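One letter stands for each residue in the lines below.
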Amino acid sequence: MGHGGSKDSPSDEKVSRRTRFRQKLHLHRHRRRGNGSSSSSGSLHKLINAENFAGIALLTLVRAEMKFKDKWLACVSLGEQTFRTEVSDHTDKPVWNSEKKLLLERNGPHLARISVFETNRLSKSNIIGYCEIDLLEFLAKDSDSDYEVFDLLDPSSSDTIVGNITLSCFVEDPIETERSFARRILAIVDYDDDGKLTFSEFCDLISAFGNQVAANKKEELFKAADKNGDGVVSMDELADLLVLQQEKEFLINCCPVCGEIFKVVDMFNTMIHLTLCFDEGTGNLVMTGGFLTEKQASYGWMFKLSEWGHLSSYDVGLNSGSSASHILVFDRRTKRLVEELIDGKIVLSMRAIYQSKLGLGLMDIGTKELLKSISEKQGKKMNSVESSKDIPNFVNFFKGQINMAEVKYPLEHFKTFNEFFIRELKPGARPIAFPERDDVAVCAADSRLMAFKSADDSIRFWIKGRKFSIQGLLGPDICSEAFVNGSLVIFRLAPQDYHRFHFPVSGTIEKFVNISGCLYTVNPIAVNSKYCNVFTENKRAVAIISTKYFGKVAFVAIGATMVGSITFLKEEGDYVKKGDEFGYFSFGGSTVICIFEKDAMEIDEDLLENSARSLETLVSVGMRLGVSAKKITQD
């Protein structure tokens, strides 16, 4: 069934399948449009449009070759799902033979990340190598081999190879999925494997569908299906019944495999759901699912125990900082979820300060001054020669999130920690989207982005502080009515990020205004606090940029805990191009906020959709942010 014969079939059939897939990917258009089914916790997270459906792939992680012996596990991440293999024996050549079915969409996630970890059963495992594979490209190319070998790259430097992994991947194209749908359903209760359903088996199947109306008229449905009157329902007869019932009242209200209740039902989405739920394939081990990120999947049993005790939890979106034990963000480039690295002790301390009246009460009676003093002392320390010894540990802690291959200078070049913190990147490391089009705005920083059409939306979805307002953010010398009702884009930098910020638009710098304030953390735990206003109370500098396509744009650089200074590299009156370097933050995490005038900017829809879920989007300098909504009259 499905992929059942993929490895036993002749190689020419495999090539034929790939050829058919390549043709379908470019030419095939389904005439029908699905109007939806519910999301399945392990399989579907949203309704699938029939025209966007590219097929269902069976990915098998076969084996790897590593440079030292250990017990190994591998993870596959695609979109908002992650799966993991079992742990291998102690070896430098682990064998898993683990497989998983993956839904492929033309416009959806198709860049799979495969990571290999050396295991630590007590707490967490260490990532050693990874590779990224565009499954649509991989499946569309001709290949005479069952397997393909990919290099595993060092997460700290993509220039270094640490091993390799062997995998196979075959696809069931859209038409094949449709043809095998009835066969998959029939197999659920075809106890004698004769390809036909007796009345008793048919009744069991209707009961498994969870449709009470259908359950009350099993005899009527059986007679309708048994067209030739031979007392059994064949696969073709069952397929005809499902199509006929779809036009009247669809039979399947829940998945007979996993028990998922379908809130909205249609043939197409139900077909995909059932195909993914049937993990039949080559007879190999099926990967364990239900994880959001590879880091979560790689944790050992101590973490699982904390999950059981509700001491740690994973969720998509941060609606309440007080309950956030992990920060998940959506990587825009790979279209998958990743976990932000942050020390657990820091999380606990931030909760104590920012998520309680007592903590903020302490702020009001002197802690603000203490934070400022600590920041100044820490800034001096990070500028000392002795601080350079902390750089390797910092890079190691953020392994996988700092890529030294794109840094302009090697580690030994940096004489102080702050020199490394404000590091430059190699030319071309951050390409600028549509460089010749000034009507396209770009992202201003390597950061976690939240974007809103208005300040009201930002308060509804993200910022929970007391009386947040554009007026409070910009101050009376800058604020205008156009900004008050305009779009808001927040770029939050974490300590591991490249800390130089760039211009999102082209134009002329009209003015700078410095606003004194506190040095609260810009972590979501504080942003989500109802007891303080991080953005409107922190130290910040505001620049106004006058542009042709976006009107005036307010660029706000916000200081944060242990950020001693905000340094600008441009002056009032300078004409700048989007993507040009504007300045940098010294040690610590911080934030840039851009305010666009009302009706001047159309922010990209994917950024707005994630923000409406209280989900930050991981972006890089130069990525497209949106397009001008203004009508420009030519001079």
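Residues numbered from 1 in each chain as written. Predicted model: local features only at pLDDT ≥ 70, side-chain atom pairs only at ≥ 80, totals over all residues. Heavy atoms only, no water.

Within an unreviewed UniProt entry, the label attached to the chain reads Phosphatidylserine decarboxylase proenzyme 2, and the organism entered is Melia azedarach.

Asker: Lay out the sheet that holds strand β28 (residues 624–628) with the relevant residues and their values.
Answerer: As summarised here, the arrangement of the three strands in space is β15-β28-β26, forming an open sheet in which the pairing is antiparallel. Either end of the sheet is taken by a strand with one partner, and the two such strands are β15 (440–442) and β26 (601–603). The average undirected angle you get between the axes of adjacent strands in this sheet is 30°. Direction of pairing for β26 relative to β28: antiparallel, over a ladder of three bridges. Paired with M601 across the two strands is S628, which belongs to β28. (Pairing = 2+ DSSP bridges. Helix = DSSP H or I, 4+ residues; strand = E, 2+ residues; numbered from the N terminus. Axes fitted to C-alpha atoms, helices over the stretch in contact; angles between N-to-C directions.)

Asker: Explain the nonpolar core to me, using residue names and the numbers behind them.
Answerer: Core analysis: the largest hydrophobic core is formed by 35 residues, its most contacted members being I185, L251, I252 and I272. Looking at this core, the elements with two or more residues in it are β1 (53–66), α3 (174–189), α4 (199–208), α6 (218–225), α7 (235–248) and α8 (267–277). With seven residues, α8 is the largest single contributor of residues to this core. Residue contacts for I185: discarding those within four places in its chain leaves L205, F209, L238, L242, I252 and L274. (Core = buried A, V, L, I, M, F, W, Y, C linked by side-chain atoms within 4.5 Å. Buried < 20%, exposed > 50% of the residue type's maximum accessible area, 1.4 Å probe, protein only. Contact = heavy atoms within 4.5 Å.)

Asker: Residues and numbers for the sheet that holds strand β18 (residues 500–502), please.
Answerer: Taken in spatial order, the three strands of this open sheet run β18-β24-β22, and their pairing is antiparallel. The sheet is open, and its two edges are formed by β18 and β22 (566–568), each paired on a single side. Between one strand and the next, the sheet's axes are offset by a mean angle of 25°, whatever the strand orientation.

Asker: Pulling in residues and values, what's your account of the side chain of N52?
Answerer: Looking at the secondary structure, you find N52 in the loop between α1 (11–27) and β1. Residue class for N52 comes out buried when judged on its relative accessible area of 12%. Of the polar contacts made by the side chain of N52, one reaches the backbone nitrogen of N107; its length is 2.7 Å. Discounting chain neighbours no more than four positions away, the residues touching N52 are L104, E105, R106, N107 and G108. (Polar contact = N/O pair within 3.5 Å; in protein donor to acceptor, adjacent residues only side chain to side chain.)

Asker: A description of unusual backbone geometry should follow, citing residues and the corresponding values.
Answerer: Phi is positive for N97, close to 50°, though the residue is something other than glycine. Note on placement: N97 falls in strand β4 (residues 95–105). Non-glycine residue K335 carries a positive phi angle of around 60°. Locating K335 in the fold gives a position in the loop between β13 (327–331) and β14 (336–340). Here K335 falls in the partly exposed class, since its relative accessible area comes to 31%.

Asker: So what's going on with the pattern of salt bridges? Residues and values would help.
Answerer: For the structure shown, the criterion picks out 20 salt bridges. The salt bridge partner of K577 is D438, with a shortest N-O separation of 3.2 Å. Taken together, the positions of K577 in the loop between β23 (575–576) and β24 (581–585) and D438 in the loop between α14 (417–421) and β15 put the pair 139 residues apart, joining distant regions of the chain. One salt bridge connects D497 with R448, and the closest N-O pair in it is separated by 2.6 Å. Separated by 49 residues along the polypeptide, D497 in the loop between β17 (487–493) and β18 and R448 in strand β16 (residues 447–452) bring together distant segments of the chain. (Salt bridge = Lys/Arg side-chain N within 4 Å of Asp/Glu carboxyl O.)

Asker: Can you explain the packing of aromatic side chains? Please cite residues and give values.
Answerer: Inspection of the entire model under this criterion finds 21 aromatic pairs. Here the aromatic cluster, defined as three or more aromatic residues joined through ring pairs, consists of F394, F397, F398, F414, F417, F420 and F421. Directly above the ring of Y147 sits R63, whose terminal nitrogen or CZ lies 6.0 Å from the centroid. The positively charged end of R423 is found above the aromatic ring belonging to F420, 4.5 Å away from the centroid. (Phe/Tyr/Trp six-rings, centres within 6.5 Å; stacked < 30°, edge-to-face > 60°. Lys NZ or Arg CZ within 6 Å of the ring centre and 35° of its normal.)

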